[in-house]
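Now for the letters of each chain:
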Amino acid sequence: MSIDQGVRPISKRCGNVEVEFLPAVGGRLASLRHDGVELVLPPGRVPGFFGDTFWPSPQSRFDWPPPPVLDAEPYEVLAESELELTMRSAPDADFGFQVGKHFTLSEHGLAMVFTLTNTWSGEQDVAPWQVTRASREGLLVWAAGEPFTDADRLQKQAEDPGCTYLHAATPGTFEGFAVEGPHASLHVPSVTRTSKFFSDARGWLAHVHHGTVFLRIFPDLTLSQIAPRQGEVELFFDPVRDYIEIENQGAYETLASGETLTYAVEWRFGAVDPNLPTDRITPELLRSIHALLA
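Anyway, here's the lowdown on the structure attached to this text.

About the criteria used
- Residues numbered from 1 in each chain as written.
- Predicted model: local features only at pLDDT ≥ 70, side-chain atom pairs only at ≥ 80, totals over all residues.
- Heavy atoms only, no water.
- 1 Å grid on protein atoms, 1.4 Å probe; cavity = no way out; pocket = protein on both sides within 12 Å on 5 of 7 lines; lining within 4 Å.
- Points joined across faces, edges and corners; volume = space filled by probe spheres on them.
- Helix = DSSP H or I, 4+ residues; strand = E, 2+ residues; numbered from the N terminus.
- Pairing = 2+ DSSP bridges.
- Axes fitted to C-alpha atoms, helices over the stretch in contact; angles between N-to-C directions.
- Contact = heavy atoms within 4.5 Å.
- Nonpolar A, V, L, I, M, F, W, Y, C, P; charged D, E, K, R; others polar.
- Phe/Tyr/Trp six-rings, centres within 6.5 Å; stacked < 30°, edge-to-face > 60°.
- Buried < 20%, exposed > 50% of the residue type's maximum accessible area, 1.4 Å probe, protein only.

1. Structural notes on the layout of surface pockets
In step 1: Size it by volume and the largest pocket reaches roughly 310 Å³.
In step 2: Lining the largest pocket are 18 residues, with Gln59, Lys156, Cys163, Lys196 and Gln230 positioned closest to its centre.
In step 3: The set of elements that each furnish at least two residues to the lining of the largest pocket consists of strand 12 (163–165), strand 15 (195–199) and strand 18 (233–238).
In step 4: If you tally residues by element for the lining of the largest pocket, the top one is strand 15, at three residues.
In step 5: Each pocket or cavity is described by its volume, and for the second largest pocket that value is around 180 Å³.

What follows is the structure, encoded as structure tokens:
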């Protein structure tokens, strides 16, 4: 029995973290503030694009737009307490999936568990895909990981110049991208064209701006586990509409009819000196990130 049909916004707070969810709009996490700093793109800035959502991967399954039942239509609220929320989409007849979302807010951050259930009568190959819209500012930092080596991603890159893969065969440049030892970074304002960047990330990625570190922790994948033409992380840049998407994906697997995969992600937040440079990696920044990773 559900508590309600998910028509009301739901707000929660723990310490210096505030979160708002919109069950009526794809079960979206619509606002996330740490010490008053908004860490996701709020509704209204870019019409139709905001907050955090969840899709089946790869994108070739649906091209565009993403499945409305999973991305934009109402989610049912199954359970709610002071610091927890569980929601579920309707079954999507067009794509054969149903999504569940469970969030737990704590003084340490926000933990989330997504489920993806195959509702068709046959098996399906799929990976979980979390997509967060954010402000086009600051620095993205992650563990450099392994470069791709397959021919298929090179073919996709040739077909679509807007896509760039961190690939062993094409170690060319991408605006704002740098590797310093075991870490990679991308200075967001340096990206001047609408584009996508795909990389391995060894299970974490941080977005730094306005004196705040927004750290995402997710399952670390081998290259063979990543969905075709995708990445453990994908970074989308839209200078025209002035926002970015920070995306992470789980392992690509075969789901039998009725089978469910689970994808667990944790977000952690920390403060840094607001005068710290955000156009490059600094030792001070790495110390702050790794303190959150510990």
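Continuing now.
2. Digging into the sheet that holds strand 16 (residues 204–209)
In step 1: Strands sit in the order 6-7-8-9-21-17-16-11-14-13 across an open sheet of 10 strands; the sheet is antiparallel. On the outer flanks of this sheet lie strand 6 (76–80) and strand 13 (177–180), each paired with one strand and no other. Adjacent strand axes in the sheet meet at a mean angle of 20°, parallel and antiparallel pairs treated alike.
In step 2: Bridge count for strand 13 against strand 14 (residues 183–187) is four bridges, and the pairing is antiparallel. From the neighbouring strand, Ala178 faces strand 14, where its bridge partner is Ser185.
In step 3: Strands in contact with helix 3 (residues 283–293) are strand 11 (139–143), strand 14, strand 16, strand 17 (212–217) and strand 21 (260–271); relative to strand 17, the strand with the most contacts, it is inclined by about 45°.

3. Some details on empty space enclosed by the protein
Once rolled over the atoms, a probe with the size of a water molecule shows which space is left empty.
In step 1: Within this structure, the stated rule accounts for one cavity of 30 Å³ or more.
In step 2: In this model, the largest cavity occupies a volume close to 50 Å³.
In step 3: Considering the residues around the largest cavity, the lining is formed by Thr164, Tyr165, Leu166, His167, Thr170, Pro171, Gly172, Thr173, Phe174, Phe177 and Phe197.
In step 4: Across the lining of the largest cavity, the residue classes break down as six nonpolar, five polar and no charged.

4. What about the packing of aromatic side chains?
In step 1: Across all of its chains, the model carries 20 aromatic pairs by this definition.
In step 2: Between Trp55 and Trp129, the ring centres sit 5.0 Å apart and the planes meet at 85°, which makes this aromatic pair edge-to-face. Residue Trp55 is located in strand 5 (residues 52–57), and its partner Trp129 is located in strand 10 (residues 124–135); the two are separated by 74 residues in the primary sequence.
In step 3: Relative accessible area serves as the criterion here: at 1%, Trp129 is assigned to the buried category.
In step 4: Between Phe174 and Phe237, the aromatic rings sit 5.9 Å apart at their centres with planes inclined by 45°, giving tilted as the arrangement.

5. Quick notes on the pairing of strand 9 (residues 109–118)
In step 1: Within strand 9, seven of the 10 residues are buried, leaving the element largely enclosed by the surrounding structure.
In step 2: Sheet analysis places strand 8 (residues 97–106) next to strand 9, joined by 10 bridges and oriented antiparallel. Looking at the pairing, Lys101 lines up with Phe114 of strand 9.
In step 3: Hairpin connection between strand 8 and strand 9: a loop of two residues separates the two successive antiparallel strands.
In step 4: In this sheet, strand 21 lies alongside strand 9 in antiparallel orientation, the contact comprising eight bridges. Pairing of Thr117 across the sheet is with Thr260, part of strand 21.

6. Brief notes about unusual backbone geometry
In step 1: The residue after Ser57, namely Pro58, is reached through a cis peptide bond having omega 5°.
In step 2: Mapped onto the elements, Pro58 comes out in the loop between strand 5 and helix 1 (68–71).
In step 3: Here Arg202, not a glycine, exhibits a phi torsion of approximately 55°, which is positive.
In step 4: Looking at the element boundaries, Arg202 is found in the loop between strand 15 and strand 16.
In step 5: A positive phi angle, close to 65°, is found at Arg229, a residue other than glycine.
In step 6: Tracing the backbone shows Arg229 in the loop between strand 17 and strand 18.

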